[in-house]
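Residue-level structural notes
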Amino acid sequence: MAFWKFSALRLGIMAVIFVICLFLRLGVVYSALAAAVMGWCITYLFFRQMRDEAGRALASRFNKGVTAPRTSTEISDALAEDSAVEQHGELGVDSDRKPKPATQQPATQQPNAPRSEDQR
């Protein structure tokens, strides 16, 4: 149903733009070309959620029961992650959190620096 709603919206926008271009006397071919390009641009820019729903509807329609193939790299990465979790317990990475600034340690004296009278 989402696919048909998105298609009807795109065709409606194209029809309106086509009529406007014909009214401006661009000719049938240029009007059709302008309507197709502008209809695609408008739906692409302003109707993302509908477009994504239509894509998911088509994907589920044609890929029922089919799982995505996994490459050998994906499988080896998953095995490495599983073994790391088994060894170290629950591991978590929060990439949205900014790292805390490192606290500065007090400066230590360098080995070749001259010593004061108190340190001798």
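Residues numbered from 1 in each chain as written. Predicted model: local features only at pLDDT ≥ 70, side-chain atom pairs only at ≥ 80, totals over all residues. Heavy atoms only, no water.

Further remarks concern the overall build of the protein. Across its full length, the protein holds four helices and zero strands. Per-residue burial for the protein yields a buried fraction of 9% across its 120 residues. Sequence separation of at least 24 residues holds for 51% of the intrachain contacts in the protein that already meet a minimum separation of 6. (Helix = DSSP H or I, 4+ residues; strand = E, 2+ residues; numbered from the N terminus. Buried < 20%, exposed > 50% of the residue type's maximum accessible area, 1.4 Å probe, protein only. Contact = heavy atoms within 4.5 Å.)

With that settled, consider unusual backbone geometry. One non-glycine residue, R25, adopts positive backbone phi at about 60°. Mapping R25 onto the fold places it in the loop between α1 (2–23) and α2 (28–46).

Atom-level detail of predicted coordinates should not be read off regions where pLDDT is low. This prediction gives the protein a mean pLDDT of 83; 78% of its residues lie at or above 70. Across the protein, the secondary-structure element scoring lowest on mean pLDDT is helix α4 (residues 72–88), at 84, and the one scoring highest is α2, at 95. (pLDDT = per-residue confidence, 0-100.)

Attention now moves to a nonpolar patch on the surface. Judged by side-chain polarity, V16, I20, F23, L24, L26, Y30, L33 and V37 come together as a nonpolar surface patch covering roughly 890 Å² of accessible area. Relative to the assigned elements, Y30 resides in helix α2. Classification of Y30 by relative accessible area gives exposed; the value is 59%. (Patch = residues over 30% accessible without salt bridge, like charges linked within 9 Å, V, L, I, M, F, W, Y side chains within 5 Å. Areas by Shrake-Rupley, 256 points an atom, 1.4 Å probe, with all protein chains shown as cover. Salt bridge = Lys/Arg side-chain N within 4 Å of Asp/Glu carboxyl O.)

With that out of the way, let us pick up α1. In this model α1 runs 32 Å from its N-terminal to its C-terminal C-alpha over 22 residues, within 8% of the 32 Å that 1.5 Å per residue would give. Among the residues making up α1, those that are buried are F6, S7, I13, I17 and C21. The arc that holds every buried residue of α1, seen down its axis, measures 130°, which confines them to one face. Those residues of α1 that are exposed and aimed more than 90 degrees away from the buried face are W4, K5, L11, V19 and F23. On its buried side, α1 packs onto α2 and α3 (48–62). Following α1 by one or two positions, R25 has its phi on the positive side, about 60°. (Expected span 1.5 Å × (residues − 1). Arc of directions from axis to C-beta.)

Looking at where T43 falls in the secondary structure, it is placed in helix α2. One polar contact links the side chain of T43 to the main-chain carbonyl oxygen of G39, over a distance of 2.9 Å. Separated by 3.1 Å, the side chain of T43 and the backbone oxygen of W40 make a polar contact. Look past the residues within four positions of T43 in its chain and what remains in contact with it is F6, R10, I13, R48 and R51. (Polar contact = N/O pair within 3.5 Å; in protein donor to acceptor, adjacent residues only side chain to side chain.)

What follows concerns the pattern of salt bridges. Inspection of the entire model under this criterion finds one salt bridge. In this structure, the salt-bridge partner of D52 is R48, at a minimum N-O distance of 3.6 Å. Here R48 and D52 lie together in helix α3, a separation of four residues that amounts to about one turn. Overall, D52 belongs to the partly exposed group, its relative accessible area being 30%. Overall, R48 belongs to the exposed group, its relative accessible area being 57%.

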